[in-house]
Amino acid sequence: MNQIAQPVVEIRNLAKSYRRGDQIVPVLTNITFDIAAGDYVALMGPSGSGKSTLLNLIAGIDKPDSGILRVGGIDITALGEAELANWRSRNVGFIFQFYNLMPVLTAFENVELPLLLTDLPARERADHVNAALSMVGLSDRMEHFPSELSGGQQQRVAIARAIITDPTILVADEPTGDLDRVAAEDVLKMLDQLNRELGKTIIMVTHDPHSAAKARTVQHLDKGELRQA
Amino acid sequence: MKIPLSYTLRNLWMRRLTTLLTAGGMALVVFVFATVLMLEEGLRKTLVETGSYDNVVVIRRSAQTEVQSAIDRPQAALIESQPEVAVGADGERMVSKETVVLVNLNKRDSGKPTNVMVRGVAPRGLTLRPQAKIIAGRMFSPGASEIVAGRNAAERFKGAGIGETLWFGQREWRVVGTFDAGKSGFDSEIWGDSDQLMQAFRRPVYSALLIKLDDPASFNAVKARLESDQRLTVEAKRETMFYADQSEMLAGFIRYLGLTLSIIFSVGAVIGAMITMYASVASRTAEIGTLRALGFRQGSVMAAFMFEAILLGFVGGCGGLFLASFMQFFTISTMNWQSFSELAFSFSLTPGIAAKTLAFALVMGLVGGFLPAMQAARLPIIDALRAA
Ligand SMILES: Nc1ncnc2c1ncn2[C@@H]1O[C@H](COP(=O)(O)OP(=O)(O)OP(=O)(O)O)[C@@H](O)[C@H]1O
Ligand SMILES: [Mg+2]
């Protein structure tokens, strides 16, 4: 099933540790792997194994201590704060466990948010938002605030927000962790569809073997190292 | 700024009670600030409008006020004969030789005795002060124990209304008229015939001379000539300056006290705004992390929170200004220590004051919001996201 494709994420000897007090806690010691364009990777591992840390590094919201990390051919470890923000806005779609929508913005406005960082005029932004919301089946909920939506619906809004800029990679940290079975199934189906039909590259952190089973590739993290399943 | 304004506005609206309380605290400070400026402006207006630009007040050198001044008759004749003095239609020189005394009158409301300025004017006095007009009754007749009262004086002092009588200078004076002097300081005075007052108070000399210039531009020439004349020991001032100078001490005091209070209170309001903004940042930490992850820059986050704080200041500023605008309906009276007489004036709101007040409110918001906004912008993204 895996075609030979250009790797969209290249990771070589990546290491990351955190400082806790005056103690240095190594989280990732030596990570090396590639993610091909169009792949759907599930990152698994016990709690505290560093899954979120690795995902955050790939998404450019945290910095590694050493190693090489290229996404879409760009060495993102070399980017400054503002360049990195700019890079994220165009290359990374985020899906969070707790949706992370802005409570004071409507579904429409939440999805539109990343487009405010582009030069698109309001008319075109509205077209994009409409398309994205109808893709996740929420055309009739555009004017609803997050508090007026179910968890599953909120996560669908978040998915629409993640794909609105057509990013290079989609990163999802426990995207079904806060949902009941039905809603979780729904979200997984949607991710599957994004990967299969639109060729989106997805990296998903999950505890749940059932969720991981939907992915094309499963990576196990343990004690700071990677084991391919 | 990339983060939409509606995000900021709705957050303020969502926490509207906190927003309102914080803005309310700022509004009170703004109120004090605006009120002080309005008071100072009202005082300035009243005293400046008391004078006319083409009138010159001549008083004894080193006498700060008319009450302290004395000019004898030969000196008065010399001053009156200056060539720059305007000549009226009747061929008389436009000069008012005036006597100013302070008398003690009781207030109508409290009965408390207060100094009131009684001015003896030439019957010409009204012509030289076109802003003063009889609005009820008539002008006093020369040679009679009659007086007219300024509208504030008539209202505020026992016996100063039309038909009433006042006792001072060992005589009874009939009040035959009320005059309006266009909200100037004269409104707080009582006017009578100069010669009658000099007799009553046994004063052989005038207090001051008011002369009208034919051409206001000739002021410097007259001033130089009068002040260098060996036979005279006088000082000449434009009437406008003369009264404005008299308000300097009072205005300075109001400004000093008011601004000191404003600054002290504003520290409280700024701290209030800061606490509100810190709480606002704390309750939205995860949102800030999300915005940053989506690609909004530190500067945008900073700007959004600064904007929020400035809006808070703006709401407070408008509220305070709104409250302060009602002060325009009040007239207050106070002792002007430079002339030792009572002076009534009102709060005056000008566009300049409104602008200064709003600027003050915005600055309070700015100062209060700076540190919290900075904190919001500087949060590491992963730490902020963890706060969910
Ligand atoms: N900002 C931080 N400062 C200090 N230590 C951290 C920080 N972030 C993560 N860690 C530590 O790094 C280790 C890995 O954390 P991480 O969140 O990546 O684990 P995880 O695999 O995602 O776990 P979970 O399945 O519970 O989400 C943990 O021991 C955690 O305590
Ligand atoms: Mg995790």
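Residues numbered from 1 in each chain as written. Chains lettered and ligands numbered in written order. Predicted model: local features only at pLDDT ≥ 70, side-chain atom pairs only at ≥ 80, totals over all residues. Heavy atoms only, no water.

Draft legend 1. Quick peek at the overall build of chain A. Broken down by element type, chain A carries seven helices and ten strands. In terms of C-alpha radius of gyration, chain A reaches 17 Å, essentially the compact-globule figure of 17 Å for 229 residues. Seen through its C-alpha atoms, chain A measures out along the principal axes to roughly 50 × 45 × 40 Å. Burial analysis of chain A (229 residues in total) assigns 54% to the buried set. Pairs at least 24 apart in sequence give 70% of the contacts found in chain A among residues at least 6 apart. Surface summary for chain A: the accessible area is close to 10,200 Å², and the carbon and sulfur share equals 49%. Distance from the positive charge centre (22 side chains) to the negative charge centre (29 side chains) of chain A: 4 Å. (Helix = DSSP H or I, 4+ residues; strand = E, 2+ residues; numbered from the N terminus. Rg over C-alpha atoms; globule rule 2.2 N^0.38 Å. Buried < 20%, exposed > 50% of the residue type's maximum accessible area, 1.4 Å probe, protein only. Contact = heavy atoms within 4.5 Å. Areas by Shrake-Rupley, 256 points an atom, 1.4 Å probe, with all protein chains shown as cover. Lys, Arg positive; Asp, Glu negative; His and termini not counted. Charge placed at Lys NZ, Arg CZ, Asp CG, Glu CD.)

Draft legend 2. Up close: the sheet that holds strand E4 (residues 66-71) of chain A. Residue and element names in this part refer to chain A. Strand order in this open sheet of four strands is E2-E1-E4-E5, and the pairing throughout is antiparallel. This sheet does not close on itself; its edge strands, each paired only once, are strand E2 (23-36) and strand E5 (74-75). Pairing between strand E1 (residues 7-20) and E4: five bridges, direction antiparallel. Bridging across to E4, Ile11 finds its partner in Leu69. With respect to the sheet, helix H1 (residues 51-58) is in contact with E1, E2 and E4, its orientation differing from that of E1 by roughly 125°. (Pairing = 2+ DSSP bridges. Axes fitted to C-alpha atoms, helices over the stretch in contact; angles between N-to-C directions.)

Draft legend 3. Summary view of the side chain of Arg171 of chain B. Residues and elements named next belong to chain B. Here Arg171 lies in strand E7 (residues 171-180). In terms of polar contacts, Arg171 uses its side chain to reach the side chain of Ser145, at 3.0 Å. For Arg171, the side chain forms a polar contact with the side chain of Gln196, separated by 2.8 Å. If we ignore the near neighbours within four places in the chain, the residues touching Arg171 are Ser145, Leu166, Gln196, Gln199 and Ala200. (Polar contact = N/O pair within 3.5 Å; in protein donor to acceptor, adjacent residues only side chain to side chain.)

Draft legend 4. Up close: the domain arrangement of chain B. Entries for chain B in the domain assignment read domain 1 (5-48 + 248-386) and domain 2 (55-214). A C-alpha centroid distance of 46 Å is found between domain 1 of chain B and domain 2 of chain B. (Domains from an automatic or database assignment.)

Draft legend 5. Structural view of the site of ligand 1. Close contacts around ligand 1 come from 14 residues, with Ser47, Lys51, Ser52 and Thr53 of chain A together with Arg386 of chain B the closest. At the site occupied by ligand 1, the surrounding residues belong to chains A and B. Between Lys51 of chain A and ligand 1, the recorded distance is 2.7 Å, taken from a side-chain N or O atom to an oxygen atom. For ligand 1, an oxygen atom lies 3.4 Å from a polar atom in the side chain of His207 of chain A. (Near = heavy atom within 4 Å.)

Draft legend 6. Fine view of the nonpolar core. Residues and elements named next belong to chain B. One finds Leu43, Phe179, Trp191, Ile254 and Met364 to be the most contacted residues of the largest nonpolar core, which totals 48 residues. Among the secondary structure elements, those contributing two or more residues to this core are helix H2 (16-50), strand E1 (55-60), helix H4 (125-128), E7, strand E9 (208-212), helix H8 (239-283), helix H10 (298-325) and helix H11 (351-378). Taken domain by domain, the makeup of this core includes at least three residues from each of domain 1 (5-48 + 248-386) and domain 2 (55-214). In this view, Ile254 contacts Val36, Leu39, Glu40, Leu43, Leu259 and Phe345; residues no more than four positions away in its chain are not counted. (Core = buried A, V, L, I, M, F, W, Y, C linked by side-chain atoms within 4.5 Å.)

Draft legend 7. Representation of unusual backbone geometry in the model. All names here are of chain A. Even without a glycine there, the phi angle at Asn13 is positive, about 50°. One can find Asn13 in strand E1. The phi angle at Asn100 is positive, at roughly 50°, despite the residue not being glycine. Of note, Asn100 is situated in the loop between strand E6 (92-95) and helix H3 (107-112). Under the relative-accessibility criterion, Asn100 is labelled buried at 11%.

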